[in-house]
Amino acid sequence: MIDRFDVIVVGGGHAGAEAAWAAANTGASVALVTLDPSKMGAMPCNPSIGGLAKGQIVREIDALGGLMGLAADATGIMFKMLNTSRGPAVRGPRCQCDKHAYAEVIQSMLYRRDEITVIAGSVESILHTEARVRGVTVRISNGSDDMRTLEAPAVVLTTGTFMRGLMHCGEERTAGGRHGEAASNTMSETLRDLGFVLSRLKTGTPPRLRRSTIDWESLDQQLGDAAPQPFSDLTLEGLNSAATQFPMIEQVECRITSTNAEIHDLIRDNLHLAPMYNGQIDSAGPRYCPSIEDKVVRFEDRHSHHVFLEPESHRDESVYCNGISTSLPAAVQAEIVRRLPGCERAEILRPGYAVEYDMVPPHQIDATCMTKRIAGLFLAGQINGTSGYEEAAGQGVLAGLNASRLARGESPVLLGRDEAFIGVMMDDLVTKTPVEPYRMFTSRAEHRLSLRADNAADRLTPLGRELGLIDDARWDVWTRRHKEMNEINGLIDSTKIEGERLSALVKRPGFSPEDLVESIGGQYRAASLFTALTERQYEGYLVRQRAEVRRHAEMEHRRIPVGLDFSRVVGLRTEAREALTRFQPHTFGQASRLEGVTPSDLSLILLESRRS
Ligand SMILES: Cc1cc2nc3c(=O)[nH]c(=O)nc-3n(C[C@H](O)[C@H](O)[C@H](O)COP(=O)(O)OP(=O)(O)OC[C@H]3O[C@@H](n4cnc5c(N)ncnc54)[C@H](O)[C@@H]3O)c2cc1C
């Protein structure tokens, strides 16, 4: 049986869900094929969404009509705005979600869409004609092993940690993409046969404890914000169908404990049993999200590390031990936990483990997520060497949008480094060789003063509307906010207080949104007041930044002719030639950010491109 769709998405994780949703938003018919649909939207590591820089990505996904913010708002059990003592540019909204509820909301949203057909199965091969994708073959997961062919001009692969996934807990090794789920073993070979180069990365997760066996009351509390702020502008307006009120479910408290010298000695004594140190795993893991083994070795002089005990759901007793990700044997993990204050009697519900998986180094995609080798084949999420739900979801939006556009014969869309954190991430992926899983940080964005969480909708929703991602309800919300911001700005410019111009007063240190309300009156939303004030307070920097972006725009966006043979460019240094040949940049901006490419190399390419 052959079925035809506009877009096929392989994988129902965070990248796949957003890709299917974005493609559906633009009117595409979508087949979402995933190993086990009851696991769509699963959170195999910490069930938290957002955080520093990642929170900005969630807001951008929301501004482009995506799923993640809506689902997080509907299922958050502890909301916290991080970095509130610092400037608005580096604040990051974060929430701890009820992980079962989160997956359920994602699933119900996907199932509600007529444009999306969810298919339970394993994609075994990618069909193509010459260098253009044609579809996939699927082994249907109903026990019959039936094969089905799906055809589409665009296919988005989002296989996460599943390609030749191998889990490690001490010396115990189990094939699988994550706890309780099988690996995808044929996809790596399929991609290699198509000529892709594959590499291997790893990541890990801590043990989960049974809440009632922790001496909860003896430990210090960690509370969420008293007045939580949602991720989505729709939630703020009461228009999130999954969150008819906010917060939607009962909020929880977390607790804090810490490791000690005795635990560190125990870990040192058992390092030979840790797969990362005894040579059992030699792929790279996330340095910024180190295992407790890593921390003890790398920060030898520290005798204690915080461990945050974070409930994962109202529906079970599972508590996530944030800070002790480990792949030591289960028996050693039990000894570690027994020595954590407050956890002396704690029962481990599930030991921590590490997982190794195949990924496709991202010099093989362009900044729209499409592979350079096979037209119409897109890769998004952990398969591109990133780590984290938000990074995966951000790529999913872009890949789903571009897959749908390709299917309709429309031109590709990318986001610039000055437009969105998603743009920064894509540009980094296509200009740098990852040596560890890629995670977003605010410091990666040179324009972070303008890429704030609060102004994500101002930056991206009009573009999203133009591209067909934004429905009328969301556009109404944006239009109301836009009108309100104009009014607030008009009042700031026209108001004088005791002879002084308000436009000057707002720039004074300490001038707060509350002061603004007092100065201009009216019934304005707190979010609009905050953005208007922030824009005024950063005005000097923002004006300079925009001027700089304009100055470099011509060179940044200038296209390098497709297929330009860098080996023919006379005078190019070997290092530059190698980098350019490997990454095949599409623009001079991308070429300028490749390691080993200098301004004089760019001049030589410019000369050559004028000739060709
Ligand atoms: C043990 C563990 C620890 C982690 N630790 C961290 C961490 O410390 N920090 C961090 O930021 N992130 C961590 N993560 C990563 C986080 O889970 C991912 O970044 C995120 O889920 C990636 O999203 P994705 O959509 O790319 O892939 P996933 O969420 O992994 O989804 C992949 C999907 O593809 C499907 N699939 C795979 N192959 C096929 C096929 N052939 N046919 C059909 N469907 C297929 C699967 O069923 C699944 O639905 C961890 C993940 C795991 C498993």
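Residues numbered from 1 in each chain as written. Predicted model: local features only at pLDDT ≥ 70, side-chain atom pairs only at ≥ 80, totals over all residues. Heavy atoms only, no water.

J.: Can you explain the domain arrangement of the chain? Please cite residues and give values.
T.: Domain parsing of the chain yields domain 1 (2-202 + 357-458), domain 2 (208-228 + 246-352), domain 3 (473-542) and domain 4 (558-611). Measuring from the centre of the C-alpha atoms in domain 1 to the corresponding centre in domain 2 gives 27 Å. If you look at the interface, domain 1 gives 37 residues, while domain 2 gives 42 residues. Both sides together, the interface formed by domain 1 and domain 2 hides about 3300 Å², and carbon and sulfur atoms give 51% of it. Remark: the boundary between domain 1 and domain 2 carries three salt bridges. With a closest N to O distance of 2.5 Å, Glu 104 and Arg 315 form a salt bridge. Linking domain 1 to domain 2 there are 14 residue pairs in polar contact (both at pLDDT 80 or more). Breaking the side of domain 1 that touches domain 2 down by element, the ones donating at least two residues are helix H3 (68-75), strand E5 (76-82), strand E6 (92-97), helix H4 (99-112), strand E11 (166-169) and strand E13 (199-205). The residue inventory of the side of domain 1 that touches domain 2, partitioned by class, reads 16 nonpolar, nine polar and twelve charged. (Domains from an automatic or database assignment. Contact = heavy atoms within 4.5 Å. Buried area = accessible area lost by both parts, 1.4 Å probe. Salt bridge = Lys/Arg side-chain N within 4 Å of Asp/Glu carboxyl O. Polar contact = N/O pair within 3.5 Å; in protein donor to acceptor, adjacent residues only side chain to side chain. Helix = DSSP H or I, 4+ residues; strand = E, 2+ residues; numbered from the N terminus. Nonpolar A, V, L, I, M, F, W, Y, C, P; charged D, E, K, R; others polar.)

J.: An account of the sheet that holds strand E19 (residues 348-350) is requested, with residue identities and associated values reported.
T.: Neighbouring strands of a sheet are bound in pairs by backbone hydrogen bonds; such pairs are parallel or else antiparallel. Across the sheet, which stays open at both edges, the six strands sit in the order E15-E16-E17-E18-E14-E19 with antiparallel pairing between neighbours. If you trace the sheet from one side to the other, it starts and ends with strand E15 (220-222) and E19, each paired once. Between one strand axis and the next, the sheet turns by 40° as a mean value, whatever way the strands run. Bridge count for strand E16 (residues 254-258) against strand E17 (residues 306-311) is four bridges, and the pairing is antiparallel. Paired with Arg 255 across the strands is Leu 309, a residue of E17. (Pairing = 2+ DSSP bridges. Axes fitted to C-alpha atoms, helices over the stretch in contact; angles between N-to-C directions.)

J.: Give me the site of the ligand: which residues, what numbers.
T.: Near the ligand lie 35 residues; those nearest to it are Ala 15, Val 123, Gln 382, Ser 387 and Gly 388. Separating a nitrogen atom of the ligand from a side-chain N or O atom of Ser 184 is a distance of 3.1 Å. Note that a nitrogen atom of the ligand is positioned 3.1 Å from one of the backbone N or O atoms of Gly 204. Surface burial for the ligand is 96%, taken as the share of its 990 Å² of free accessible area covered by protein chains. (Near = heavy atom within 4 Å. Areas by Shrake-Rupley, 256 points an atom, 1.4 Å probe, with all protein chains shown as cover.)

J.: Tell me about helix H20 (residues 599-611), residues and numbers included.
T.: An ideal rise of 1.5 Å per residue puts 18 Å on 13 residues; H20 measures up with 19 Å between its terminal C-alpha atoms. Buried within H20 we find Asp 601, Leu 602, Ile 605, Leu 606, Glu 608 and Ser 609. Of the surrounding secondary structure, the elements contacted by the buried residues of H20 are helix H17 (539-557), helix H18 (574-583) and helix H19 (588-592). (Expected span 1.5 Å × (residues − 1). Buried < 20%, exposed > 50% of the residue type's maximum accessible area, 1.4 Å probe, protein only.)

J.: Hey, could you go over the state of the cysteines for me, with residue numbers and the actual values?
T.: Two cysteines form a disulfide when their sulfur atoms are joined by a covalent bond. Enumeration over the complete set of coordinates arrives at zero disulfides. The thiol sulfur of Cys 95 is not disulfide-bonded, and the nearest other cysteine sulfur, from Cys 97, lies at 3.6 Å. Cys 343 carries a free sulfur, and the closest cysteine sulfur to it, the one in Cys 321, is 6.2 Å from it. A relative accessible area of 0% means that Cys 343 is categorised as buried. (Disulfide = S-S within 2.5 Å.)

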